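What follows is each chain in one-letter form.
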Amino acid sequence: MNKKKLKILLSLFALNSITLYLYFSSHPDHFRHNFPKNHYITTGNRLSSSENHPNLHSSVVSQSKPWPILPSYLPWSQNPNVGWRSCEGYFGNGFTRKIDLLKTSPEIHRKFGENRDSGGGGGWFRCFFSETLQSSICEGGVIRMNPEKILMSKGGEKLEKVIGRGEEEELPIFENGAFEIEVNERTKIGKKLADENFLNKYLPEGAISKHTMRDLIDSIRLVGANDFHCSEWIEEPSLLITRFEYANLFHTVTDWYSAYAASRVTGLPSRPHLVFVDGHCETQLEETWRALFSSLTYAKNFSGPVCFRHAILSPLGYETALFKGLSESIDCIGAPAHDLWKNPNDRKTARLSEFGEMIRAAFGFPVDRQNIPRTVTGPNVLFVRREDYLAHPRHGGKVQSRLSNEQEVFDSIKSWSLNHTECKLNVINGLFAHMSMKEQVRAIQDASVIIGAHGAGLTHIVSAAPKAVILEIISSEYRRPHFALIAHWKGLEYHPIDLEGSYADPPVVIDKLSSILRSLGC
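Residues numbered from 1 in each chain as written. Predicted model: local features only at pLDDT ≥ 70, side-chain atom pairs only at ≥ 80, totals over all residues. Heavy atoms only, no water.

Participant: Could you give an account of the packing of aromatic side chains, naming the residues involved and the relevant values?
Facilitator: Going through the model one piece at a time under the given rule, you end up with 17 aromatic pairs. Ring centres 5.3 Å apart and planes at 75° place the aromatic pair Phe-129 and Tyr-202 in the edge-to-face group. Taken together, the residues span a long stretch of sequence, with Phe-129 in strand β4 (residues 124-130) and Tyr-202 in helix α5 (residues 196-202) at a distance of 73 residues. Of the two residues, Phe-129 and Tyr-202, neither departs from the other in class, the shared state being buried. (Phe/Tyr/Trp six-rings, centres within 6.5 Å; stacked < 30°, edge-to-face > 60°. Helix = DSSP H or I, 4+ residues; strand = E, 2+ residues; numbered from the N terminus. Buried < 20%, exposed > 50% of the residue type's maximum accessible area, 1.4 Å probe, protein only.)

Put into structure tokens, the structure is as follows:
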């Protein structure tokens, strides 16, 4: 191992050590007290008592996945000097205003620490607000979720079993007391955690007609220790997430990013567990949710009141820069993390590259590639296809065509590549609707050039290699900036082909592709 690589590894180790220190120092009281008699450990999607695992003698048994080492990682520690509408404000830790709604003290913990059947001293809750994104990341401890007070379908069913189910059945309605926090101060018992003034200031609805995170916090009631009973405890940090457009890759990527950012902003020492507080059915995209985080379950899958030692509320995907950039100008350019470490720049970011590396690492793929991806025989040209498939219970199985002669264009590129004399080309037929998520990410990361008509599948370019080139074919009806923006924010080379209608002339596409390949030395 050369000195440069050793230096990078030591730097990354130091950063991870700092992250661990910041997390435990910012949650000093929430790990001191004794745990309940029936201490539960998370094992996949189910919870099992440590009494059934005699070899587990530690007071806290970790089943969480560790964070991988990411070349583009930069510290997420809170910095009050992050500028309004700066790139870090949009994509990183711009959540600089901390609001404590409920505090606990060491004195309360010492007084109530022997109450092993409850939280042992009361709960806590706080939010971090971003002026840039106008949203909050919230977290708390000793929180009880009462699934019977969340009105929605069960969730996690096979798609074929819920065909025709309405979306309104799948989104949660929170009754009062759907969530509760234990308190030991009598003056607080029976009250709401947050008033309308707090909700309007730190969880504004904006253009979102149903703000589920706001509604969840609005449902939280404060209860005394005598009324705080749990059928199960989850000791490790858990993300509570409500999804809306859960079957669409672009919108799901915004949810992934929000969940990742929430995990980093709150300084979690390892990857959290997930609880979907929605009633959506199972989709192909859950494969990536499971890869990214430690475990996954649905709120309605719990048989009774479940208590969280540490719960984190992830903002809606609509509140991320990935979505906000569609309607407001976010002038940020992707840049290498090591450059920004040496020379910070408010107009540059490495956060999307870091996130893309996180997705690749979650599937076990290497993340240290700096050059143009090439196979033994030559560069890969990936054509991302749009196919018919059944996406959700209200979907007819037909996708809207964005390129009327897609097959003709693909066949033409394939034929042309066979006679390409400058170098051997591997043209990949990206039939993503019939590939696992891991296979899709593998195809993206191995591609030197990624071609496709405007469509959600191109959102995968968040995981593209640093030197990949994007060629988007855009019909006149779908001139939208989604993928030009992602490429810009990642620092990827991007080329559009704007069509007058939905028909692409194959020679025009091939000419553009040929020019790109020449620039890559092929």
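So that's the structure; there's more coming.
Participant: Describe the state of the cysteines, with residues and values.
Facilitator: Tallied over the entire structure, the rule returns 4 disulfides. Disulfide pairing is shown between Cys-127 and Cys-138; the S-S distance is 2.1 Å. Taking the sign of the S-S torsion, 105° for the link of Cys-127 and Cys-138, the bridge is right-handed. Separated by 11 residues along the polypeptide, Cys-127 in strand β4 and Cys-138 in strand β5 (residues 135-141) bring together distant segments of the chain. Assessed through its relative accessible area of 0%, Cys-127 is described here as buried. Two residues, Cys-230 and Cys-307, share a disulfide whose sulfurs are 1.7 Å apart. Torsion about the S-S bond of the Cys-230 and Cys-307 cystine: about -75°, corresponding to left-handed handedness. Note that Cys-230 is positioned in the loop between β10 (221-224) and β11 (232-234) and Cys-307 in strand β15 (residues 306-308), a separation of 77 residues in sequence. Cys-307 sits in the buried class, given a relative accessible area of 0%. For the chain, the disulfide bridges join cysteines in the arrangement 1-6, 2-3, 4-5, 7-8, where the cysteines are counted in sequence order. (Disulfide = S-S within 2.5 Å.)

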